[in-house]
Amino acid sequence: MDDSSSTPNHQDVISSINTNNIFEWTSPPEGVIKINVDATFNLGYSAAAAVARDHNKNIVAVASTIQYQSKPQVAEAAAFLLATKLAQQMQFRNCIIEGDCQTVVEVLNGEKNVPWRILRMIQEIKNISQSFRSVTYNFVKRKANSAAHNLASYAVKHSVQAIWTSSQIPPSIVSCLSEVHTSDYFFFRLFFFFCKTKEKSIAKKEN
């Protein structure tokens with residue numbers, strides 16, 4: 001019996017990802033690409049991820065990269081840089097880049113001084129962004145950033161480093177984008193809290 005008519009194809013799955021979170025993730029205006037970014041960690045190295053979607057909620061490109069460092073702020077800045085490079089490569093002209101690291105967003109919006117650890121990456125982001133017609137940096141809560149978080153969690157676990165357009169995304173990546181990794185989220189937040197506490201302790205000693 002042929003049940004192909006009831007089985008969603010690859011593009012249908014990509015187009016419908018995030019349906020359950022529509023009340024939290026908002027579509028960009030027509031003609032604008034929204035890129036969500038996130039970073040996560042595993043034993044001394046990190047993964048940055050970027051998920052680009054259009055006004056119809058379709059995923060148009062995704063990317064991930066691996067870096068051998070464990071500073072949360074640096075990893076999050078690397079995710080914004082990854083999104084910026086992805087936008088440049090895909091020739092997006094109007095972009096919204098959003099993530100759940102408020103410090104990096106405030107730095108990119110000129111609301112906070114640039115920490116020395118991420119100075120080079122911030123400069124590179126701004127240099128590349130000059131080629132865009134418009135770019136906006138937004139801070140969002142974790143719940144609105146689940147696709148990027150899921151991809152970063154998958155990338156750090158499987159050492160995935162690649163860029164895909166919508167027609168090239170492997171089924172394993174499509175699947176991970178739509179999953180909710182509660183255990184990964186818990187351990188990420190625990191590790192993030194530990195790193196932030198350690199950084200604050202070091203800062204106090206330096207002062």
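Engineer: When you look at the environment of Val105 in this model, what are you seeing that I'm missing?
Structural biologist: Tracing the chain through its elements places Val105 in helix 3 (residues 102–108). A residue is classified by how much of its surface remains accessible, and Val105, at 4% relative accessible area, is buried. Along the backbone, Val105 and Glu76 are 29 residues apart, and their C-alpha atoms lie at a distance of 9.8 Å. Non-local contacts of Val105, meaning those with residues more than four positions away in its chain, are made with Phe80, Gly99, Tyr137, Asn138 and Phe139.

Engineer: Any chance you could explain the nonpolar core here in plain terms?
Structural biologist: As a rule of thumb, soluble globular proteins bury nonpolar side chains together. Within the largest apolar cluster, 34 residues are counted, with the highest numbers of intra-cluster contacts made by Ile35, Val37, Ala52, Phe80, Phe92 and Ile97. Elements represented by at least two residues in this core include exactly strand 1 (33–42), strand 2 (45–53), strand 3 (59–67), helix 2 (72–90), strand 4 (94–99), helix 3 and helix 4 (119–129). Aside from chain neighbours lying at most four places away, what touches Ala52 is Ile33, Lys34, Ile35, Asn58, Ile59, Val60, Ala61, Leu86 and Phe92. Counting 21 residues, the second-largest nonpolar core is a separate cluster that includes Val62, Ala152, Val174 and Cys176.

Engineer: Help me understand the packing of aromatic side chains in this model?
Structural biologist: Two numbers describe a pair of aromatic rings. These are the distance of the centres and the angle of the planes. Applying the stated criterion across every chain yields a total of one aromatic pair. The ring of Trp25 carries Arg53 above its face, with NZ or CZ at 4.1 Å from the centroid.

Engineer: Is there a simple way to explain the pairing of strand 4 in this structure?
Structural biologist: A regular strand carries its side chains on alternate faces of the sheet. Of all six residues making up strand 4, six are buried, and the element is well covered by its neighbours. Side chains of strand 4 alternate between two faces, with Asn94, Ile96 and Glu98 and Cys95, Ile97 and Gly99 buried alike. Pairing of strand 1 with strand 4 involves five bridges; the strand directions are parallel. In the strand pairing of strand 4, Ile35 is matched with Ile97. Bridge analysis of strand 4 against strand 5 (residues 134–139) gives six bridges, and the strand direction is parallel. Considered in strand 5, the bridge of Ile96 is made with Thr136.

Engineer: Mind showing me how you'd approach the sheet that holds strand 3 here?
Structural biologist: Whether parallel or antiparallel, the strands of a sheet pair through hydrogen bonds between backbone atoms. Taken in spatial order, the six strands of this open sheet run 5-4-1-2-3-6, and their pairing is mixed. This sheet does not close on itself; its edge strands, each paired only once, are strand 5 and strand 6 (162–165). For this sheet, the mean inter-axis angle between neighbouring strands, taken without regard to orientation, is 15 degrees. Where strand 2 and strand 3 come together, eight bridges link them in antiparallel fashion. Residue pairing across strands places Ala50 opposite Ala63, the latter belonging to strand 3. Across the face of the sheet, helix 5 (residues 146–158) comes into contact with strand 1, strand 2 and strand 3 while running at roughly 140 degrees to strand 2.

Engineer: Any chance you could explain the pairing of strand 2 here in plain terms?
Structural biologist: Taken across its nine residues, strand 2 has nine buried, putting it largely inside the fold. Of the two faces of strand 2, the one lined by Tyr45, Ala47, Ala49, Val51 and Arg53 and the one lined by Ser46, Ala48, Ala50 and Ala52 are each fully buried. Both strand 1 and strand 2 contribute to a ladder of nine bridges, which runs antiparallel. Across the sheet, the residue bridging to Asp38 is Ala49, located in strand 2. Where strand 2 folds back on strand 3, the antiparallel hairpin that results is connected by five residues, among which Lys57 adopts a positive phi of roughly 75 degrees.

Engineer: Would you take a moment to explain the environment of Val156 for this structure?
Structural biologist: Turning to its location among the elements, Val156 is positioned in helix 5. With relative accessibility at 5%, the residue Val156 sits in the buried group. Taking C-alpha positions, Val156 is 9.6 Å from Ala49, a pair spaced 107 residues apart along the chain.

Reading the values: the criteria
Residues numbered from 1 in each chain as written. Predicted model: local features only at pLDDT ≥ 70, side-chain atom pairs only at ≥ 80, totals over all residues. Heavy atoms only, no water. Helix = DSSP H or I, 4+ residues; strand = E, 2+ residues; numbered from the N terminus. Buried < 20%, exposed > 50% of the residue type's maximum accessible area, 1.4 Å probe, protein only. Contact = heavy atoms within 4.5 Å. Core = buried A, V, L, I, M, F, W, Y, C linked by side-chain atoms within 4.5 Å. Phe/Tyr/Trp six-rings, centres within 6.5 Å; stacked < 30°, edge-to-face > 60°. Lys NZ or Arg CZ within 6 Å of the ring centre and 35° of its normal. Pairing = 2+ DSSP bridges. Axes fitted to C-alpha atoms, helices over the stretch in contact; angles between N-to-C directions.

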